[in-house]
Amino acid sequence: GAHYLSRKLASLGHDARLMPAKYVRPYSKGQKNDFNDAEAIAEAVQRPTMKFVATKTADQLDLQALHRVRERLVSQRTGIINQIRAFLLERGIAVRQGQRFLRVELPRILATPPDVLSPRMVRVIEGLTDDWRRLDERIEGLSGEIEELAKRDPGCARLMSVPGIGPIISSAMVAAIGTGDGFSKGRDFAAWLGLVPK
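Draft legend 1. Representation of the overall build of the protein within the structure. Per the secondary structure count, the protein includes 9 helices and 0 strands. Helices and strands in the protein line up, N terminus first, as α-α-α-α-α-α-α-α-α. Here the C-alpha radius of gyration of the protein, 24 Å, is well above what a compact globule of 198 residues would show, namely 16 Å. Dimensions of the protein along its principal axes, counting C-alpha atoms only, are 75 × 45 × 40 Å. Put simply, the protein has 198 residues, and 25% of those count as buried. Sequence separation of 24 or more characterises 53% of the internal contacts of the protein that already satisfy a separation of 6 or more. Treating the 31 positive side-chain charges of the protein as one cloud and the 23 negative ones as another, the clouds have centres 4 Å apart.

Given below as structure tokens:
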């Protein structure tokens, strides 16, 4: 709720600033409790080199929520695909890695004789395949919504002009950092992305 409180306090005329907890932790003394946390925050906020986080708008939080849900669904779909492949491999049926290969091979595999795949295992795999199909539909719906939002957002449109950046990446970037005002230079942004010299 930090971003909500920050927006609310700003609307009341206060200068609300958000600090990442990892920057406050070094100033914490003793056990973790409200008093010690408040003291650590008061100490940290006075540091001239303290870095603050930009307050996210409600639209940014909505877009970030879409991305988080989509990411969870993609992870669940990957888990289902891996589980199907593992069950098949336990029965001596190897399928090349990648969802498109499994999707193509599955009808033929499910039609194998009962001595290879028992009727129970066929039912289990068919159930998992139904789950996979439902996840595909939800992921497609969320991806479509994200793409529509990205088309209408000027920041996303600017990012999509860079080769290799599409609606998913550009909207995730806008949801995470907004206009990028929180970075004083491009090098800081690169470090935030994890692109540092080795």
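Draft legend 2. Geometry of the packing of helix H6 (residues 119–152) against helix H8 (residues 167–177). Taken N-terminus to C-terminus, the directions of H6 and H8 make an angle of 70 degrees; their axes are 9 Å apart at the nearest point. Judged by the inter-axis angle, H6 sits roughly perpendicular to H8. In the crossing of H6 with H8, the sense of the turn from one axis to the other is left-handed. Taken together, the residues of H8 that come into contact with H6 (itself represented by Ser143, Ile146, Glu147 and Ala150) are Pro167, Ile168, Ser170 and Ser171. Its residues assigned to classes, the contact of H6 with H8 comprises 4 nonpolar, 3 polar and 1 charged.

Draft legend 3. Expanded view of the nonpolar core. Core analysis: the biggest nonpolar cluster contains 24 residues, and Ile84, Leu88, Leu102, Leu106, Leu117, Ile125 and Trp132 have the highest contact counts within it. The residues touching isoleucine 84, leaving out its near neighbours within four places in the chain, are Leu102, Leu106, Ile125, Leu128, Thr129 and Trp132. Residues Val24, Ala40, Ala44 and Met50 belong to the second largest nonpolar core, which totals 5 residues.

Draft legend 4. Up close: the confidence of the model for the protein. Of all residues in the protein, 100% attain a pLDDT of 70 or more, and the chain-wide mean is 89. For the protein, helix H2 (residues 21–24) is the element with the lowest average pLDDT, namely 83, and H6 is the one with the highest, namely 95.

Draft legend 5. Structural context of the packing of aromatic side chains. Under the definition given, this model contains 3 aromatic pairs. Ring centres of phenylalanine 189 and tryptophan 192 lie 6.0 Å apart, and the angle between their planes is 20 degrees; on these two criteria the pair is classed as stacked. Taken as a pair, phenylalanine 189 and tryptophan 192 lie in helix H9 (residues 186–193) at a separation of 3 residues, close to a single helical turn. Through successive ring pairs, a cluster of aromatic residues spans Phe183, Phe189 and Trp192.

Draft legend 6. Quick look at the packing of helix H5 (residues 99–110) against H6. Interhelical geometry of H5 versus H6 gives an angle of 145 degrees and a closest axis separation of 12 Å. Judged by the twist between their axes, the crossing of H5 over H6 is left-handed. Within the contact between the two elements, H5 uses Gln99, Leu102, Arg103, Leu106 and Leu110 and H6 uses Val122, Ile125, Glu126, Thr129, Trp132 and Asp136. Tallied by class, the residues present in the contact of H5 with H6 amount to 6 nonpolar, 2 polar and 3 charged.

Each value, and the rule that gives it
Residues numbered from 1 in each chain as written. Predicted model: local features only at pLDDT ≥ 70, side-chain atom pairs only at ≥ 80, totals over all residues. Heavy atoms only, no water. Helix = DSSP H or I, 4+ residues; strand = E, 2+ residues; numbered from the N terminus. Rg over C-alpha atoms; globule rule 2.2 N^0.38 Å. Buried < 20%, exposed > 50% of the residue type's maximum accessible area, 1.4 Å probe, protein only. Contact = heavy atoms within 4.5 Å. Lys, Arg positive; Asp, Glu negative; His and termini not counted. Charge placed at Lys NZ, Arg CZ, Asp CG, Glu CD. Axes fitted to C-alpha atoms, helices over the stretch in contact; angles between N-to-C directions. Parallel < 35°, antiparallel > 145°, perpendicular 65-115°, else oblique. Left-handed = near helix turned anticlockwise from the far one by under 90°. Nonpolar A, V, L, I, M, F, W, Y, C, P; charged D, E, K, R; others polar. Core = buried A, V, L, I, M, F, W, Y, C linked by side-chain atoms within 4.5 Å. pLDDT = per-residue confidence, 0-100. Phe/Tyr/Trp six-rings, centres within 6.5 Å; stacked < 30°, edge-to-face > 60°.

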